[in-house]
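Close look at the chain arrangement
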Amino acid sequence: MTSQQPSAARAAEREDVLAKARAAKAVAPVLATLPTPAKNQILRAAAEELIARAEEIVAHNAEDLAAGRAAGMSDGLIDRLQLDAARIEGIAGGLRQVAGLADPVGEVLRGRTMDNGITMRQVRVPLGVMGMVYEARPNVTVDAFGLALKSGNVALLRGSKSARRTNEALVAILQDVLAGHGLPREAVQLLPCDTHDSVHDLITARGLVDVVIPRGGARLIDAVVTNATVPTIETGTGNCHFYVDRAADLDSAIEMLLNGKTRRCSVCNATETVLIDAALDDAAKLRIITSLQERGVTVHGDVEELAAFGAAGVVPAEHRDWAEEYLSFDIAAKVVDGVDGAIDHIARYSSGHTEAIASLDAYACREFASRVDSAAVMINASTAFTDGEVYGMGAEIGISTQKLHARGPMALPELTSSKWILEGAGHTRP
C-alpha cells in the first residue's frame, strides 16, 4: 500500500458514510409521501419517548461532559453540550411545536390555467436527503430530525466527536420511535465522527445527498462551503452588534444589552459587540461598561478610548476582536459617531446575523433598519430574539446568513424545494 492509498480504517469509514447515504436515498420516497397526521403522531411520540428516557440521555451526556472537561473544553462549549431534564423537556417541546405547524409539503405556491386549458401549479416538495454537519450541541440532533421529518426529508447527521455518546443515544431513541410506527430506521442516521474525513465524504456524496447544512463555527462552515460538491445552505456565525444611540432610554438599553450578552453567551444570537454613541455623556457611557463588568463580562476595546470616560479593567482589543464570535462572557466595546458610525462599523465587521439598536429616535431606527444588511434587525429589542422557536417556526435548523433561498431562521418552508405540475387533456404543442 502506497502513502496515497487510504488505510483500511479510512476506507471503512468512507464506505460507512456512503452506505448510510445510499440507505437514506432509498427510503427518501417513503418520507416524501408520508401523510401529515402520521408525521405529527411520530413527532409527538418522539417527544414523549425523549422525556421517558431522559435519565438514559443524561447519563450518556455526563460521559461526554466528563471527556470534554478532561480535554480542556471551554465553559461555553460545555454549556452547549450539556443536557439536563429541563433542556430535554425543551427539546421535546420543540418537537411538539413542529407537530403543530402547517405541513409545507404540497402547498401550492402559485398556479393558473393557460389559454389552451392546461392547468399549472407550483407545489412544495421535500429536498430529499438532508445532511447536517454540526458541533457540540446535541439538541440539534433532535431539531434536525423533527424538521426533516415534518418537511418530508431524510436526515443524515454528522455531529461532533465531543457529543458522540449523547447523539448515539438520541438517534437510537428516534429510530426506535420510527420503527414503532412502521417506518424505516434509516430515516434518521448518525454518521461516524472519528475524523474530519467523514465530513468530506458527506459533502461530496453528490447524487446521494441532496443538500448539506453546516451549523457551527466559522471554520466548520467555511470548510463545508468551500469543499462541498453537494448543494449547501450556509448558516452563519453570530458576531451580533448592539448599538446604544444618543436617544436611547438608557435603563432599557442596558437591560437589553445584558440580556443579549448574558442570557446564554454560548449561542449564535448572543451580543458580541456593543457600539456606544459618542454623543452620550461620559456618565452614560461608563454606566454601559460597568453594567457589563458587574455581571462578570470581560470588556475588550481601545483602552484609551474607553478610559477617556473613566472605564477601567478593559482588555486591549486586537483587530480580530471586532469580528470575533466570543461565545463566552466577553464583549467588544467601541465608541462610534452616531447611527452612521454604527452602521459603518457593522458593515465592516458583522457576520450578517443579527444587529440591534436602542433608540427612541424614529429617524435613527429607520436608518438602522434600512441600511444594516443582516438577516435580522432588532429595534429596541435584544439580539436573543433571533430564534426559530421565538419566531413561531418550532425548532430551527439554523440561522442562514446567505441571501439565496433562505435567510434568517430556517424551518419547514426552507427545507423544501418545488416542482411544477401541468395537467392537460391530450394537449400537444404546435
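Residues numbered from 1 in each chain as written. Predicted model: local features only at pLDDT ≥ 70, side-chain atom pairs only at ≥ 80, totals over all residues. Heavy atoms only, no water.

Here's the deal with a nonpolar patch on the surface
A surface patch of nonpolar side chains, about 290 Å² in accessible area, is lined by Phe-385, Val-390 and Tyr-391. Note on placement: Phe-385 falls in the loop between β13 (376-379) and β14 (398-400). (Patch = residues over 30% accessible without salt bridge, like charges linked within 9 Å, V, L, I, M, F, W, Y side chains within 5 Å. Areas by Shrake-Rupley, 256 points an atom, 1.4 Å probe, with all protein chains shown as cover. Salt bridge = Lys/Arg side-chain N within 4 Å of Asp/Glu carboxyl O. Helix = DSSP H or I, 4+ residues; strand = E, 2+ residues; numbered from the N terminus.)

Some remarks on the pattern of salt bridges
Once the charged atoms of two side chains with opposite charge are near each other, the side chains can pair. For the coordinates displayed, the defined rule picks out 31 salt bridges. The shortest N-O distance in the salt bridge between Asp-79 and Arg-87 comes to 2.8 Å. The salt bridge involving Asp-194 is made with Arg-164; its shortest N-O contact spans 2.5 Å. With a gap of 30 residues between them, Asp-194 in the loop between β5 (188-190) and α8 (197-203) and Arg-164 in helix α7 (residues 164-180) connect regions that are remote in the sequence. Taking relative accessible area as the criterion, Arg-164 reaches 23% and is therefore assigned partly exposed. When salt bridges with common partners are traced through the structure, they connect Arg-10, Glu-13, Arg-14, Asp-197 and Asp-201 into a single cluster. (Buried < 20%, exposed > 50% of the residue type's maximum accessible area, 1.4 Å probe, protein only.)

Section: the UniProt feature "domain: Aldehyde dehydrogenase" (unreviewed entry) in the protein chain
When the UniProt feature table is mapped onto this chain, "domain: Aldehyde dehydrogenase" (unreviewed entry) is found at residues 8-294. Secondary structure content for residues 8-294 is 53% helix and 16% strand, and the end C-alpha separation is 55 Å. (UniProt positions renumbered as here; feature names shortened; annotations may be inferred.)

Some words on the layout of surface pockets
Reported here for the largest pocket is a volume of approximately 830 Å³. If you trace the largest pocket, you find 29 residues lining it, with Glu-135, His-196, Gly-217, Arg-219 and Leu-220 closest to the centre. Elements that contribute at least two residues to the lining of the largest pocket include exactly α4 (75-81), β3 (129-134), α8 and α9 (218-227). By volume, the second largest pocket is sized at about 680 Å³. Taken together, 28 residues make up the lining of the second largest pocket; nearest its centre are Arg-137, Asn-139, Arg-264, Asp-387 and Glu-389. Of all the secondary-structure elements, those providing two or more residues to the lining of the second largest pocket are α5 (85-99) and α6 (139-150). Residue composition of the lining of the second largest pocket, grouped by class: ten nonpolar, eight polar and ten charged. (1 Å grid on protein atoms, 1.4 Å probe; cavity = no way out; pocket = protein on both sides within 12 Å on 5 of 7 lines; lining within 4 Å. Points joined across faces, edges and corners; volume = space filled by probe spheres on them. Nonpolar A, V, L, I, M, F, W, Y, C, P; charged D, E, K, R; others polar.)

Looking at the domain arrangement of the protein chain
Considered domain by domain, the protein chain is made up of domain 1 (17-235 + 408-421) and domain 2 (240-386). Residue-level contacts link seven residues of domain 1 with seven residues of domain 2. Together domain 1 and domain 2 conceal approximately 600 Å² of surface at their shared face, both sides included; 44% is due to carbon and sulfur atoms. Among the residues of domain 1 in contact with domain 2, Asp-79, Arg-80 and Arg-137 are the three that bury the most area, contributing 55% of the side total. In this structure, the connection of domain 1 to domain 2 is made through one salt bridge. Asp-79 is the salt-bridge partner of Arg-264, the closest N and O atoms lying 3.3 Å from each other. For the pair domain 1 and domain 2, the number of links is three residue pairs in polar contact (both at pLDDT 80 or more). Looking at the side of domain 1 that touches domain 2 residue by residue, the class counts come to one nonpolar, two polar and four charged. (Domains from an automatic or database assignment. Contact = heavy atoms within 4.5 Å. Buried area = accessible area lost by both parts, 1.4 Å probe. Polar contact = N/O pair within 3.5 Å; in protein donor to acceptor, adjacent residues only side chain to side chain.)

Observations concerning unusual backbone geometry
With the exception of glycine, the majority of residues adopt a negative phi angle, and the majority of peptide bonds are in the trans configuration. Of note, the phi angle at Leu-327 is positive, near 55°, even though the residue is not glycine. Mapping Leu-327 onto the fold places it in the loop between β10 (315-316) and β11 (330-336). Take Leu-327: its relative accessible area is 18%, and that puts it in the buried class. Of note, the phi angle at Asn-380 is positive, near 55°, even though the residue is not glycine.

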